[in-house]
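Listed here are the chains, written in short residue letters.
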There are 2 protein chains.
Amino acid sequence: MDAGAAPTDLARLLPPSVCVLGLGLIGGSLARAAGPFLPVSGWSPSPATRDAAAADGLAVAASLPAALRAAVAQDALVVLAAPVTSFPELLRAVDEHAPTVRLTDVASIKAVVAEQVDALAPRARFIGAHPRAGTAHSGWAAGDPRLFDGAAWVTCLTEESEPADWSAVAALALAVGSRVVPAEAAAHDSAVARISHLPHVMALALAQVGAQGGALALALAASSFADGTRVAGTRPELIRAMCEGNRDALVEALDDALGLMGVARGSLASTGSLRKLTEGGHAARGEFEARAAGLEPMTLTGDDLIEQLLAVGSAGGYVTGLRGTTDDLRIDVQYPDRD
Amino acid sequence: MDAGAAPTDLARLLPPSVCVLGLGLIGGSLARAAGPFLPVSGWSPSPATRDAAAADGLAVAASLPAALRAAVAQDALVVLAAPVTSFPELLRAVDEHAPTVRLTDVASIKAVVAEQVDALAPRARFIGAHPRAGTAHSGWAAGDPRLFDGAAWVTCLTEESEPADWSAVAALALAVGSRVVPAEAAAHDSAVARISHLPHVMALALAQVGAQGGALALALAASSFADGTRVAGTRPELIRAMCEGNRDALVEALDDALGLMGVARGSLASTGSLRKLTEGGHAARGEFEARAAGLEPMTLTGDDLIEQLLAVGSAGGYVTGLRGTTDDLRIDVQYPDRD
């Protein structure tokens, strides 16, 4: 969207304000992106980060309890944007100081976070989320208000989710330029294991097999190796946090990859053929390249919005806009043409 | 190099002319690239290709025997640039019509070709080669005289190789803008299995695991998946020809990858840690990114040039220029600084 103001329809559905806990790349980018059209406040456990954010004009709370009490007073949406390892502490504070606040997060794993919220802040009106955006940099200074432009912002739903809670999160994501993808937490975790965490594991393995070929192999490496190993250059601690946090889903994806490669290895060694892997992989890459084809605009309304939203997400669709009121939501989506 | 003329030192070492057998992407590009500074003739088994090349000004022979007899008369370097499947037929013709001609090829596998030459055209003065260049396109029309700019042009050597035969091939590769990497055929095949063929196999497997996650997974896929699966979009028949032709070396590389991924899977499932894979893969990617660092110019001279050239290639170095005469070669290389 254009900077400066959210569209009127969307503006009515935005929360009155946003309180961002954690001011690193994602939190800092969100604070900057939402600032032009919403009151934004923030807090970081790091005094240096608080000072830097305040110097850049952000309303920074003096303490976590103060941040949460202000969020209650302003009916704010609280966004957990700190590392997942700090979530238990943050959630205990939410339960103490803002027990029924509107709450979301930006972590890259979703089922574990949902369990933590259920256990530690069960009264919060929680909608887990995961904006699929990032850069190689981190910290407040790396924040960029355009980071979320065109990104997929996953919002997690269950049968018990309230459309009104969801619409506050979705409106914020749309207002900062993302498309909103509804999903169940487990489906999200399985999906990102396959299309984000497994690519990292395979890039790491490929880089090592290449380097084991010595200097000659690396001297001959060109774009197929460069592209296939690019994310192996990501900082190891970031890869580990992401992949190890999604252990069960990643083990499943890894087993699928090991199965396909093992069968291909057997076929190549015994019959000399890679036909099955080559044809299957080529067709799969074609599906990926065509994924946005055949989507058409639709508007969701009615009483079973959660169910409809989950159907849109699992079919590869996404939300492009919100209209109406929380009692009478009209949700604009891109949905696969079934004809 | 600048178009129009080879540098004087190099020009003295170029063959008197070049005869390209097979006028697809690589052969057609080589004919165009060498044309400005050498007489180039060509032949293709396809009448349509012969007509297209002749219409573009190439001297096209009427038949394979005629092409080879002309090559003998002109002391030409004959380049096998047709698919490897046609090599036995081409080599029998070489042995009949031009048995002691200077011969090279551009196939992506080298040990098998060397065996074929030994069996079918044993008197030819053969130096196997593999220019690491290509595009997604094929055929005479796709040819591009700048295709070899900056490419690694592998030249295969054995203890029996003659520096004078090698220098004709190397001079041609240098004249069209490549850097020349000396290697033993088996070392080449092992290297490309690791840095070209395995990346294709892993991209194909990754694409399928992603697509098995359904439309949600593909909708959430971003750059790590896009980069990791890019070469799965290559035409399946090209991937198969390349990978299946290098079976033994690829099976070995695949086993290395399966081993690393299997150990990582076990570690993740049992202890929750991906430390070993992550640190090893990150370091390996660092080696790849730093591969060109620390190379310094050197000049090879003397009686054991073949041995020296192989040492340069296996250390990650390459040839940048040739000077002198075939009896007194001075070979400019980039070689790792050992200090």
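Calculation notes
Residues numbered from 1 in each chain as written. Chains lettered and ligands numbered in written order. Predicted model: local features only at pLDDT ≥ 70, side-chain atom pairs only at ≥ 80, totals over all residues. Helix = DSSP H or I, 4+ residues; strand = E, 2+ residues; numbered from the N terminus. Buried ≥ 20, exposed ≤ 12 C-beta atoms within 10 Å, placed from the backbone. Contact = placed C-beta atoms within 7 Å. Domains from an automatic or database assignment. Nonpolar A, V, L, I, M, F, W, Y, C, P; charged D, E, K, R; others polar. Least-squares fit on C-alpha atoms with pLDDT ≥ 70 in both. Axes fitted to C-alpha atoms, helices over the stretch in contact; angles between N-to-C directions. Parallel < 35°, antiparallel > 145°, perpendicular 65-115°, else oblique. Left-handed = near helix turned anticlockwise from the far one by under 90°. Pairing = 2+ DSSP bridges. Right-handed = clockwise from strand over helix to strand, strands pointing away. Arc of directions from axis to C-beta. Expected span 1.5 Å × (residues − 1).

**Some remarks on the overall build of chain A**
No. 1: Along its length, chain A carries 14 helices and 12 strands.
No. 2: Seen through its C-alpha atoms, chain A measures out along the principal axes to roughly 70 × 50 × 40 Å.
No. 3: Within chain A, the proportion of its 339 residues that are buried is 53%.
No. 4: Of all intrachain contacts in chain A linking residues separated by at least 6 positions in sequence, the fraction that spans at least 24 positions is 69%.

**What to know about the domain arrangement of chain A**
All names here are of chain A.
No. 1: Here the domain parsing of chain A yields domain 1 (8-183 + 294-336) and domain 2 (189-289).
No. 2: Centre-to-centre separation of domain 1 and domain 2, based on C-alpha positions: 32 Å.
No. 3: Across the contact, 6 residues belong to domain 1 and 5 residues belong to domain 2.
No. 4: Looking at side-chain class alone, the side of domain 1 that touches domain 2 contains 4 nonpolar, 1 polar and 1 charged residues.

**Remarks on the relation of the copies chain A and chain B**
What connects the two chain copies is a rotation about an axis and a shift along it.
No. 1: For the pair chain A and chain B, the superposition axis carries a translation of 0.0 Å, the fit reaches an RMSD of 0.0 Å, and the rotation angle comes to 180°. Such a combination of rotation and displacement between the chain copies is what one expects of a two-fold axis. When each C-alpha of chain A is compared by its distance to the rotation axis, Gly228(A) comes out closest, at 2.3 Å.
No. 2: The share of interface residues of chain A whose copies in chain B are also at the interface is 100%, consistent with both copies meeting through the same surface.

**Here we look at the packing of helix 8 (residues 185-212) of chain A against helix 12 (residues 247-271) of chain A**
Residues and elements named next belong to chain A.
No. 1: At a minimum axis separation of 8 Å, helix 8 and helix 12 run at an interaxial angle of 60°. Classed by the angle they form, the pair helix 8 and helix 12 counts as oblique. Handedness of the crossing formed by helix 8 with helix 12: right-handed. Mapping the contact onto sequence places Asp189, Ser190, Ala193, Arg194, His197, Leu198, Val201 and Met202 in helix 8 and Ala249, Leu250, Glu252, Ala253, Leu254 and Ala257 in helix 12.
No. 2: Tallied by class, residues from the contact of helix 8 with helix 12 come to 9 nonpolar, 2 polar and 3 charged.

**Looking at the interface of chain A and chain B**
No. 1: Facing 88 residues of chain A, the contacting portion of chain B comprises 88 residues.
No. 2: Broken down by element, the side of chain A that touches chain B gets its largest block of residues, 22 residues, from helix 8 of chain A.
No. 3: Among the residues forming the side of chain A that touches chain B, the class breakdown is 50 nonpolar, 22 polar and 16 charged.

**Some words on the sheet that holds strand 4 (residues 77-80) of chain A**
All names here are of chain A.
No. 1: Strand order in the open sheet formed by 6 strands is 3-2-1-4-5-6, with parallel pairing between adjacent strands. Each having just a single partner strand, strand 3 (59-60) and strand 6 (125-127) make up the two edges of the open sheet.
No. 2: By the bridge criterion, 4 bridges tie strand 1 (residues 18-21) to strand 2 (residues 40-43) in an arrangement that is parallel. Within the sheet, the bridge partner assigned to leucine 21 lies in strand 2 and is tryptophan 43.

**Observations concerning the sheet that holds strand 3 (residues 59-60) of chain B**
Residue and element names in this part refer to chain B.
No. 1: With respect to topology, 6 strands assemble into an open sheet ordered 3-2-1-4-5-6, the strand pairing being parallel. One side of each edge strand has no neighbouring strand; the edge strands of this open sheet are strand 3 and strand 6 (125-127).
No. 2: Sheet topology note: the strand 1 (residues 18-21)/strand 4 (residues 77-80) ladder contains 4 bridges and is parallel. Looking at the pairing, cysteine 19 lines up with valine 78 of strand 4.
No. 3: Across the sheet, helix 7 (residues 163-175) is in contact with strand 1, strand 4, strand 5 (102-105) and strand 6; its angle to strand 6 comes to roughly 50°.

**Considerations on the pairing of strand 9 (residues 179-183) of chain A**
Residue and element names in this part refer to chain A.
No. 1: Of all 5 residues that make up strand 9, 5 are buried, and the element is covered over most of its length.
No. 2: Burial of strand 9 is two-sided: the residues Arg179, Val181 and Ala183 facing one way and the residues Val180 and Pro182 facing the other way are all buried.
No. 3: The pairing of strand 8 (residues 152-156) with strand 9 spans 5 bridges and is classified as parallel. Residue pairing across strands places alanine 152 opposite arginine 179, the latter belonging to strand 9.
No. 4: In this region the chain leaves strand 8, passes through helix 7 (residues 163-175) and returns to the parallel neighbour strand 9; the handedness of that crossover is right-handed.

**Points about the environment of Trp153(B)**
Residues and elements named next belong to chain B.
No. 1: Tracing the backbone through its elements, the reader meets tryptophan 153 in strand 8 (residues 152-156).
No. 2: With 23 residues separating them in the primary sequence, tryptophan 153 and histidine 130 have C-alpha atoms 5.7 Å apart.
No. 3: With residues near it in sequence (within four places) discarded, tryptophan 153 still touches Ala129, Pro131, Phe148, Ala173, Ser178, Arg179, Val180 and Val181.

**Focus on unusual backbone geometry**
Across the chain, the bulk of peptide bonds are trans and the bulk of non-glycine residues have phi less than zero.
Residue and element names in this part refer to chain A.
No. 1: Of note, aspartate 75 is a non-glycine position whose phi angle comes to about 55°, a positive value.
No. 2: Along the chain, aspartate 75 falls in the loop between helix 4 (64-74) and strand 4.
No. 3: For aspartate 75, a count of 12 C-beta atoms within 10 Å translates into the label exposed.

**Describing the environment of Glu244(A)**
No. 1: One can find Glu244(A) in helix 11 (residues 236-244).
No. 2: Taking the number of C-beta atoms within 10 Å as the measure of exposure, Glu244(A) has 19 and is therefore partly exposed.
No. 3: As a C-alpha pair, Glu244(A) and Asp332(A) span 88 residues in sequence and 36 Å in three-dimensional space.
No. 4: Here Glu244(A) is in contact with Leu268(B), Gly272(B), Ser273(B) and Leu274(B), once residues within four sequence places are set aside.

**Let's talk about helix 6 (residues 111-120) of chain A**
Residues and elements named next belong to chain A.
No. 1: Inspection of helix 6 places Val113, Gln116 and Val117 among the buried residues, and these make up the whole buried set. With its buried residues spanning 100° around the axis, helix 6 presents them on a single face. The outward face of helix 6, more than 90 degrees from its buried face, is lined by the exposed residues Glu115, Asp118 and Ala119.
No. 2: On the buried face of helix 6, the contacting elements are helix 5 (87-97), strand 5 (102-105) and strand 6.

**Some points on helix 7 of chain A**
All names here are of chain A.
No. 1: Between its first and last C-alpha atoms helix 7 spans 17 Å; for 13 residues at 1.5 Å apiece the expected length is 18 Å, and the two agree.
No. 2: Listing the buried residues of helix 7 in full gives Asp165, Trp166, Ser167, Ala168, Val169, Ala170, Ala171, Leu172, Ala173, Leu174 and Ala175.
No. 3: The positive-phi residue at the C-terminal boundary of helix 7 is glycine 177, with phi of around 100°.

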